[in-house]
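# Architecture and fold: a report
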Amino acid sequence: MQFPLNRPANLAVFASGRGSNLDAILQAFPQGHKIARVAMVMSDNADAGALEKAKQRAIPNYTFPFPARKKDENGQGRKAFEVEAEKYLQAQRIDLICLAGFMRLFSPEFNERWQGRMLNIHPSLLPDFKGLQPQRQALEAGVTEAGCTVHFVDAGVDTGPIILQKRVPVLPDDTEESLSARILVQEHLAYPEAIHLILMGKARFEAVL
Ligand code: GRF
């Protein structure tokens, strides 16, 4: 599939938690928008705030367990989630998956199938501070600048081609909470912008134009 499409793209947002990035995407692409619409929300966590936000707007939403890697030695739990997710992704004719605080890693097969059509947002200036608690990592490293990155998902963790980044200063009295809040404001601008770039055909997995 090639972007741009000659119709609104169907987005799937995957989220494990609060869902503020989902909110930002919904505000940028409200129902009836000519470029994109959020066609489904999927979570591994029945208590995710993101699911509540989807329900309030009558957006199809699905929950299916996805065990942590340590508790899923043979990967059967992950496989089951992916089979279930794929069923909904096909049913809703999804063009682009947006991971927004989704706390699980997919199999190489799933990543491969969605290559160029699956994005993630990470609250650091990648390639710095991959993985968990990047804001705390930034404070511990003593950097003076932090930010967020929207990138295509590839086989690694927080490693795929970068679409865009937004920067914020780290202030001397910052805590993990204050820095996270400053970065989050930028995340809410960055994610819709990145989606827009992809859907306009201006950013591709092979080459961010
Ligand atoms: C965001 O900081 C995102 O970058 C990270 O997880 C957090 C999710 O927040 N991957 P929310 O659920 O979108 O509010």
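Everything here concerns the structure above.
The paragraphs below set out a description of the structure included in this document. (Residues numbered from 1 in each chain as written. Predicted model: local features only at pLDDT ≥ 70, side-chain atom pairs only at ≥ 80, totals over all residues. Heavy atoms only, no water.)

Of the volumes computed, that of the largest pocket is approximately 1300 Å³. For the lining of the largest pocket, the elements supplying multiple residues, two or more each, are helix 1 (20-28), helix 4 (108-113), strand 5 (118-122), helix 5 (134-141) and helix 6 (176-199). Considering every element that reaches the lining of the largest pocket, the biggest residue donor is helix 6, with 4 residues. Of the residues belonging to the lining of the largest pocket, the class tally is 19 nonpolar, 18 polar and 10 charged. By volume, the second largest pocket amounts to about 230 Å³. The wall of the second largest pocket is formed by 13 residues, among which Met 1, Gln 2, Gly 116, Arg 204 and Glu 206 lie closest to the centre. In terms of residue class, the lining of the second largest pocket is made up of 6 nonpolar, 4 polar and 3 charged. (1 Å grid on protein atoms, 1.4 Å probe; cavity = no way out; pocket = protein on both sides within 12 Å on 5 of 7 lines; lining within 4 Å. Points joined across faces, edges and corners; volume = space filled by probe spheres on them. Helix = DSSP H or I, 4+ residues; strand = E, 2+ residues; numbered from the N terminus. Nonpolar A, V, L, I, M, F, W, Y, C, P; charged D, E, K, R; others polar.)

Further remarks concern the sheet that holds strand 6 (residues 145-152). Two modes of strand pairing occur in sheets, parallel and antiparallel, and in both the strands are linked by backbone hydrogen bonds. On the basis of which strands lie adjacent, the open sheet formed by 7 strands has the order 3-2-1-4-5-6-7 and mixed pairing. This sheet does not close on itself; its edge strands, each paired only once, are strand 3 (61-63) and strand 7 (162-169). Between one strand axis and the next, the sheet turns by 20° as a mean value, whatever way the strands run. Two strands pair when backbone bridges link them, and strand 4 (residues 96-99) and strand 5 are joined in this way by 3 bridges, in the parallel orientation. Each bridged residue has a counterpart across the sheet, and for Leu 99 the counterpart in strand 5 is Asn 120. On the sheet, helix 1 packs against strand 1 (9-14), strand 2 (36-43), strand 4 and strand 5 and is oriented at approximately 160° with respect to strand 2. With respect to the sheet, helix 6 is in contact with strand 1, strand 2, strand 4, strand 5, strand 6 and strand 7, its orientation differing from that of strand 7 by roughly 155°. (Pairing = 2+ DSSP bridges. Axes fitted to C-alpha atoms, helices over the stretch in contact; angles between N-to-C directions. Contact = heavy atoms within 4.5 Å.)

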